[in-house]
Amino acid sequence: MDARTLHDIAAIIDPLDRASAASGAMGTLQGQSVELSRIRRAAIIEAQESGLRQDDIAKRLGVSPGRVSQMKKAGGDANHRAPTGPLHPRPRVLVERALPTPPSVRGSKSLYLTEADRQGLTPARKMLFVGAEPANEHVAAALRVDAEGDVIARRKMFWANDVPVRIATSYFRTDVAEGTRLAGEGFVLPTLQDAIEDLGHHFSHATETLTARPPTPYEADLLDIPGEWVVQVLRVSVSTDDVPIHALETICAATRHTFPIGQAVGGDQF
């Protein structure tokens, strides 16, 4: 499904036909399920505001009334829409993404801005979304929450020399972030690390996992990478209380990145 098809589903006039079309598309396209969830949630709310009862909506959609309630909770911000990607091809650039992340970079104002500045690039960033959304399988496993249960997401887009290079999403358990600065709009100042520590969490260790895969339609659209792959870097930070506090998922345009990998401190083997 491309961005145009997604727009067509959102434009269906009858709210329950719109919800039904969104449900059908979600079954075959996992990559855009979050966005379709929001469309469906808005459609269900619109139907209720027009006077339809939850039982009527459930019957029309072929689900239980309880499932309708779950659909409303799963959609996040009903007004949020995925931004469209750039219209014209962009030149290739190479951005470094060091593994593991150096502590001085990890604790800086922005991991990406610090990396880009060291490489002589002109960086830009934009917050795409902040709010609750259903956790995908690998994020749920990383944060030790139920699959499809809500997590707090902070999704950002990054450019280097006006070229889209990566999408990064910080995920937090709701029992950690809900009602705190971590769930607030805009960038967290002075740093996300400070906000986490202000809540009483102290860092113990982190793991970073790199996976190469085809992009979802949403990722390919934003990064302008038709026919290319992405590299997904998932960094999971755990507190001294053995609670996974922060899962940072970075989706990198594979042909626009290099990944320097450092030797562990104290290692003496070539």
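As the structure is a computational prediction, the values presented were derived from the model and not from experiment.

1. Here we look at the overall build of the protein chain
Part 1 of the reasoning: Scanning the protein chain from terminus to terminus reveals 11 helices and 8 strands.
Part 2 of the reasoning: Burial status across the protein chain gives 44% buried among its 270 residues.
Part 3 of the reasoning: Pairs at least 24 residues apart make up 64% of the contacts formed inside the protein chain by residues separated by at least 6 positions.
Part 4 of the reasoning: When the accessible surface of the protein chain is split by element, carbon and sulfur atoms take 52% of a total near 13,700 Å².

2. Observations concerning the pattern of salt bridges
Part 1 of the reasoning: Counting across every chain of the model gives 9 salt bridges.
Part 2 of the reasoning: In this structure, the salt-bridge partner of Arg 173 is Asp 175, at a minimum N-O distance of 3.0 Å.

3. So, the sheet that holds strand E3 (residues 150-160)
Sheet strands pair via backbone hydrogen bonds, and the direction of the pair is either parallel or antiparallel.
Part 1 of the reasoning: If you trace the 6 strands from one edge of the open sheet to the other, you get E2-E3-E4-E7-E6-E5, paired in antiparallel fashion. Two strands bound the open sheet, and with one partner strand each, they are strand E2 (123-134) and strand E5 (203-213). Strand-to-strand twist across the sheet, computed as the mean angle between neighbouring axes with direction ignored, equals 15°.
Part 2 of the reasoning: Inspection of the sheet shows E5 paired to strand E6 (residues 230-239) by 10 bridges, in the antiparallel sense. Residue His 205 lies in a different strand from E6, and its bridge partner there is Val 238.

4. Focus: the nonpolar core
Part 1 of the reasoning: Leu 143 and Tyr 171 are the most contacted members of the largest nonpolar core, which has 13 residues in total.
Part 2 of the reasoning: The set of elements that each furnish at least two residues to this core consists of helix H8 (137-143), E3 and E6.
Part 3 of the reasoning: Here the element with the most residues in this core is H8; it accounts for 4 residues.
Part 4 of the reasoning: Other than its neighbours up to four places away in sequence, Leu 143 contacts Val 151, Tyr 171, Phe 172, Arg 173, Pro 244, Ile 245, His 246 and Ala 247.
Part 5 of the reasoning: Membership of the second largest hydrophobic core comes to 11 residues, among which are Leu 121, Phe 158, Ala 160 and Ala 168.

5. Details of the confidence of the model for the protein chain
Part 1 of the reasoning: A residue-level look at the protein chain finds 80% of positions with pLDDT of 70 or above and a mean pLDDT of 81.
Part 2 of the reasoning: Confidence over residues 80-88 falls short of pLDDT 50; this stretch has 23 contacts with residues more than four positions distant or in other chains.

6. Re the pairing of E3
Part 1 of the reasoning: Across the 11 residues of E3, 9 count as buried, placing the element largely inside the fold.
Part 2 of the reasoning: Pairing geometry for E2 and E3, over 11 bridges, is antiparallel. Of the residues in E3, the one forming a bridge with Gly 131 is Ala 153.
Part 3 of the reasoning: Of the strand pairs in this sheet, E3 and strand E4 (residues 163-173) are connected by 10 bridges, and their pairing is antiparallel. Note that in E4 the partner of Val 151 across the bridge is Arg 173.
Part 4 of the reasoning: A loop of 2 residues connects E3 with E4, the two strands running antiparallel in sequence, and Asn 161 in this loop sits at a positive phi of about 55°.

7. Thoughts on unusual backbone geometry
Part 1 of the reasoning: One non-glycine residue, Arg 144, lies in positive phi territory at about 60°.
Part 2 of the reasoning: Position of Arg 144 relative to the elements: it lies in the loop between H8 and E3.
Part 3 of the reasoning: We classify Arg 144 as partly exposed; its relative accessible area is 46%.
Part 4 of the reasoning: A positive phi is found at Asp 242, a non-glycine position, where the angle reads about 60°.
Part 5 of the reasoning: Relative to the elements of secondary structure, Asp 242 occurs in the loop between E6 and strand E7 (244-253).

8. Let's talk about the side chain of Glu 219
Part 1 of the reasoning: Within the fold, Glu 219 resides in helix H11 (residues 217-223).
Part 2 of the reasoning: At 2.9 Å, the side chain of Glu 219 and the side chain of Arg 213 are in polar contact.
Part 3 of the reasoning: Sequence-distant contacts of Glu 219, defined by excluding residues within four places in its chain, comprise Ile 167, Arg 213, Val 230 and Ile 251.

9. What to know about the packing of aromatic side chains
Part 1 of the reasoning: The tally for this structure, following the rule as stated, stands at 0 aromatic pairs.
Part 2 of the reasoning: Directly above the ring of Phe 187 sits Arg 125, whose terminal nitrogen or CZ lies 3.9 Å from the centroid.

10. Observations concerning the side chain of His 246
Part 1 of the reasoning: Tracing the sequence through the fold places His 246 in strand E7.
Part 2 of the reasoning: A distance of 2.8 Å separates the side chain of His 246 from the side chain of Ser 170, its partner in a polar contact.

The rules behind each value
- Residues numbered from 1 in each chain as written.
- Predicted model: local features only at pLDDT ≥ 70, side-chain atom pairs only at ≥ 80, totals over all residues.
- Heavy atoms only, no water.
- Helix = DSSP H or I, 4+ residues; strand = E, 2+ residues; numbered from the N terminus.
- Buried < 20%, exposed > 50% of the residue type's maximum accessible area, 1.4 Å probe, protein only.
- Contact = heavy atoms within 4.5 Å.
- Areas by Shrake-Rupley, 256 points an atom, 1.4 Å probe, with all protein chains shown as cover.
- Salt bridge = Lys/Arg side-chain N within 4 Å of Asp/Glu carboxyl O.
- Pairing = 2+ DSSP bridges.
- Axes fitted to C-alpha atoms, helices over the stretch in contact; angles between N-to-C directions.
- Core = buried A, V, L, I, M, F, W, Y, C linked by side-chain atoms within 4.5 Å.
- pLDDT = per-residue confidence, 0-100.
- Polar contact = N/O pair within 3.5 Å; in protein donor to acceptor, adjacent residues only side chain to side chain.
- Phe/Tyr/Trp six-rings, centres within 6.5 Å; stacked < 30°, edge-to-face > 60°.
- Lys NZ or Arg CZ within 6 Å of the ring centre and 35° of its normal.

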